[in-house]
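For reference, the chains in residue letters:
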Amino acid sequence: MTMTSPNIVWISTHDINPHIGPYSDLWPGAEVPPTPRLDELARQGVRFDQAFAAAPVCAPSRSAIMTGCYPTAIGTMHMRTKAVPPPETRLLAEYFRAAGYYTTNNWFTDFQVETPPTAFDDCSATAHWRDRPEGAPFFAAFHSLITHESRIYGDAMHAEATATLSAEERTDPSEVPVPPYHPDTAATRASWARYYDLVMAMDVWVGGILDQLDEDGLTDETLVVFWSDHGASFPGAKRWASEAGLRVPLLVRWPGKIAPGSHRPEVVQMLDLAPTMMHAAGLSVPAHMHGVPLFSPDGQPLAAAPYAYGARDRMDAQEDTVRTVRDQRYRYTVNIHPDRSAMQYNHYPDHVGTWNELRRLAHEEGEMLSLGHVPALLTDPQRSLVSAGRPAEELYDIADDPHETRNLIDDPAHHPVRERLRGALDAWRSTHPDLGVVPETELLAQWRPGGASRPTSTPVARSDADLVTVACDTPGSSIAWTTSPPVAARERSKLEMQTGAPLPDGRRWHLYTGPFTPPRDAEVWVGAWRLGYAPSAEVRLPSAITTEGS
């Protein structure tokens, strides 16, 4: 396959459903926040009408997007974990880097593994395509926290994130639509209004990146993708393997390749992005990836998979296992632990407004029962979020019931749909290993015997005249070299450690793709990394070796 080498820019945000203007005819509430820059982006490219995350929370979902693999199959399904994926697994950017791309990530990672220096030329808060070597194509990912859950519920963080909005632009809580599974109270409305304000502020941020492409004269030769990692930060959405938990916006602009103003009505999976980007650039898609390319190198639509699969596993201390499948119209879900509440205690969200509000009302309903009164503060859809258990199986007609309020699992008229989707989910779990049902302590014992990470073998370097050849015998390892000497790195923050951010030591590594000629009179350090393993010991090549035979 011939490389087409388009520049690629990913613009991702956290924790939103398709609550943006381009989806105003498809998603309830999408008409509320004005999003002129995303509206323009959709007019210039394609809107994917039904795009779904692999998991309803960031780290498992982002691992799927960056690897093209189902989290349950590679061990990245829990929130959070440090998985040891199969040896063939790579982060997407490394494939582009090996093909000559300048790859950057600004700055959020959260791929469920330590991010190796082989993946990105620059992974930092200042990473940008503008730092690339002259003439090099680039893969540049930008991740905003503007719409993250923390910005809804933290006063100072919300004020900072929405500083670009005037008082007149802000959302009036009295006018927001409240989904039927949320109680219509002042606290709920205030949270939804804040969410819509964040979406507007995020739209401004997106526009800034698009403007930079224009300023640099790169718009016509750059493939731009806008996406969210999972659904909105509310009960019944984020952390729930539901329509609201998994359905996300996905817009793609590729001038001269993808027809402006087009849309794709079929179901697609966010893990399709990795193979799609590789295929668009003319790179061979690795056989181990579970996603499929959604368009060809000339921008023509390719057939998507018939189903989108999703999973919900441990969330912090919440132990749960849910599997779900979605076709063009219906969602079928299996709750493997139906005796457990969908809203078990979770330390972080249990301190935020909408969770507190549901807990308060559920408590007050309990008090009503204690007085011999019928509970009447919550509706059945609202009560189902906090109930002690839930159905073992669920089936919803999303076209008719987008908020999933009527479970059709026992409806005789829908038995054929139930059996078809039940079979599809069973086949998926048989085809791809479901590590989510393996006790996590067993996985950890396999991954880290005795509690220690397996080491990546020390690479072996050989010099032949001006060329240095390096090899590492750890299956799945990648090699890189640098002329930057080892230095003491600052201590990473808790968030940086949790999300697997690169070691902040300022060293820049070159991905090893074959024998190379190091800079003259410079010492070289060589290292190897395998996802989920500890890095290798570094090998130092003195300058005398690098000039041998000159």
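Refer to the preceding data block for the structure.
Residues numbered from 1 in each chain as written. Predicted model: local features only at pLDDT ≥ 70, side-chain atom pairs only at ≥ 80, totals over all residues. Heavy atoms only, no water.

Novice: Outline the overall build of the chain, listing residues and values.
Specialist: Each helix and strand in the chain was counted, giving 15 helices and 19 strands. For the chain, the C-alpha atoms occupy an extent of roughly 90 × 55 × 50 Å along the three principal directions. For the chain, buried positions account for 57% of its 550 residues. For the chain, restricting intrachain contacts to residue pairs at least 6 apart in sequence, the fraction spanning at least 24 positions comes to 71%. Looking at the chain as shown, the accessible area adds up to about 21300 Å², and 54% of this sits on carbon and sulfur atoms. Across the chain, 47 positive and 70 negative side-chain charges occur, with their mean positions spaced 3 Å apart. (Helix = DSSP H or I, 4+ residues; strand = E, 2+ residues; numbered from the N terminus. Buried < 20%, exposed > 50% of the residue type's maximum accessible area, 1.4 Å probe, protein only. Contact = heavy atoms within 4.5 Å. Areas by Shrake-Rupley, 256 points an atom, 1.4 Å probe, with all protein chains shown as cover. Lys, Arg positive; Asp, Glu negative; His and termini not counted. Charge placed at Lys NZ, Arg CZ, Asp CG, Glu CD.)

Novice: Describe helix α7 (residues 186-215), and please don't skip the residues or the numbers.
Specialist: Between the first and last C-alpha of α7 there are 44 Å, a value that for 30 residues agrees with the 44 Å anticipated at 1.5 Å per step. One or two positions beyond α7, positive phi appears at Gly217, with a value near 65 degrees. (Expected span 1.5 Å × (residues − 1).)

Novice: Help me get a handle on the environment of Leu495, residues and values and all.
Specialist: With respect to the helices and strands, Leu495 occurs in helix α14 (residues 494-499). For Leu495, a relative accessible area of 34% puts it in the partly exposed group. Residues Leu495 and Phe108 lie 387 residues apart in sequence; the distance between their C-alpha atoms is 9.9 Å. In this structure Leu495 touches Arg80 and Trp107, once residues within four positions along its chain are discounted.

Novice: Break down the pairing of strand β18 (residues 524-529) for me, citing the residues and quoting the values.
Specialist: Most of β18 is tucked away: 6 of the 6 residues are buried. Neither face of β18 is open: one carries Val524, Val526 and Ala528, the other Trp525, Gly527 and Trp529, and all of them are buried. Relative to β18, strand β16 (residues 478-482) is paired through 5 bridges, and the arrangement is antiparallel. Bridge assignment links Ile479 to a residue of β18, and that residue is Ala528. Pairing of β18 with strand β19 (residues 539-541) involves 3 bridges; the strand directions are antiparallel. (Pairing = 2+ DSSP bridges.)

Novice: For the pattern of salt bridges, give the residues involved together with the corresponding values.
Specialist: This structure, assessed with the given rule, holds 43 salt bridges. A salt bridge links Asp155 to Arg194; the nearest nitrogen and oxygen atoms lie 2.8 Å apart. Of this pair, Asp155 sits in helix α6 (residues 155-161) while Arg194 sits in helix α7, and the two are 39 residues apart along the sequence. Owing to a relative accessible area of 23%, Arg194 belongs among the partly exposed residues under this scheme. Taking the shortest distance from any N to any O, the salt bridge between Glu243 and Arg331 comes out at 3.1 Å. In this pair, Glu243 sits in helix α8 (residues 243-246) while Arg331 sits in strand β12 (residues 330-335), placing the two residues 88 residues apart along the sequence. Take Arg331: its relative accessible area is 1%, and that puts it in the buried class. The structure contains a network of salt bridges with shared partners spanning Glu243, Arg247, Arg326, Arg331 and Glu404. (Salt bridge = Lys/Arg side-chain N within 4 Å of Asp/Glu carboxyl O.)

Novice: Can you lay out the state of the cysteines for me, pointing to particular residues and giving the numbers?
Specialist: Under the definition given, this model contains 0 disulfides. In this structure Cys123 is not part of a disulfide, and its nearest cysteine sulfur, from Cys58, lies 15 Å away. In this structure Cys123 comes out as buried when scored by relative accessible area, which is 19%. (Disulfide = S-S within 2.5 Å.)

Novice: Give a description of the pairing of strand β5 (residues 138-143) that names residues and reports values.
Specialist: The two faces of the sheet receive side chains in turn, since in a regular strand these alternate between them. Across the 6 residues of β5, 6 count as buried, placing the element largely inside the fold. Burial of the side chains of β5 extends over both faces: Phe138, Ala140 and Phe142 are buried on one face and Phe139, Ala141 and His143 on the other. With 5 bridges connecting them, strand β1 (residues 7-13) and β5 associate as parallel partners. From the neighbouring strand, Ile8 faces β5, where its bridge partner is Phe139. Pairing geometry for strand β3 (residues 102-106) and β5, over 5 bridges, is parallel. Residue Thr103 lies in a different strand from β5, and its bridge partner there is Phe139.

Novice: Please provide a residue-by-residue account of the packing of aromatic side chains, values included.
Specialist: One pass over the structure, following the stated rule, counts 21 aromatic pairs. Here the basic side chain of Arg47 rests over the ring of Tyr23, its NZ or CZ set 5.6 Å away from the ring centre. (Phe/Tyr/Trp six-rings, centres within 6.5 Å; stacked < 30°, edge-to-face > 60°. Lys NZ or Arg CZ within 6 Å of the ring centre and 35° of its normal.)

Novice: Tell me about the side chain of Asn335, and name the residues and values.
Specialist: Here Asn335 is to be found in strand β12. Those residues in contact with Asn335 that lie beyond four places of it in its chain are Thr321, Val322, Arg390, Pro391, Ala392 and Glu394.

Novice: Quick one: what's the story with the sheet that holds strand β17 (residues 510-511), residue by residue and with numbers?
Specialist: Strand order in the open sheet formed by 4 strands is β17-β16-β18-β19, and the pairing between neighbours is antiparallel. Sheet topology places β17 and β19 at the edges, where each strand pairs with a single neighbour.

Novice: Before we move on, could you go through the sheet that holds strand β13 (residues 393-397) and cite the residues and values that matter?
Specialist: Two modes of strand pairing occur in sheets, parallel and antiparallel, and in both the strands are linked by backbone hydrogen bonds. Spatial ordering of the open sheet is given by β10-β11-β12-β13, a layout of 4 strands whose pairing is antiparallel. The open sheet has two edge strands with one neighbour each: β10 (308-312) and β13. Across the sheet, the axes of successive neighbouring strands diverge by a mean angle of 15 degrees, strand direction being ignored. In this structure, β10 lies alongside strand β11 (residues 322-326), joined through 5 bridges in antiparallel fashion. Across the sheet, the residue bridging to Gly310 is Thr324, located in β11. Sheet strands in contact with helix α12 (residues 415-431) are β10, β11, β12 and β13, and its direction is about 60 degrees off that of β12. (Axes fitted to C-alpha atoms, helices over the stretch in contact; angles between N-to-C directions.)

Novice: Break down unusual backbone geometry for me, with residues and values.
Specialist: Between Met79 and the following residue, Arg80, the backbone shows a cis peptide bond with an omega angle of -10 degrees. Inspection of the secondary structure puts Arg80 in the loop between α3 (71-74) and α4 (92-98). With an omega of -20 degrees, the peptide bond running from Asn106 to Trp107 counts as cis. Within the secondary structure layout, Trp107 lies in the loop between β3 and β4 (122-123). The phi torsion at Gln112 lies on the positive side, around 75 degrees, for a residue other than glycine. What makes Gln112 buried here is its relative accessible area of 1%. Positioned with a positive phi, Asp316 is a non-glycine residue whose angle comes to about 55 degrees.

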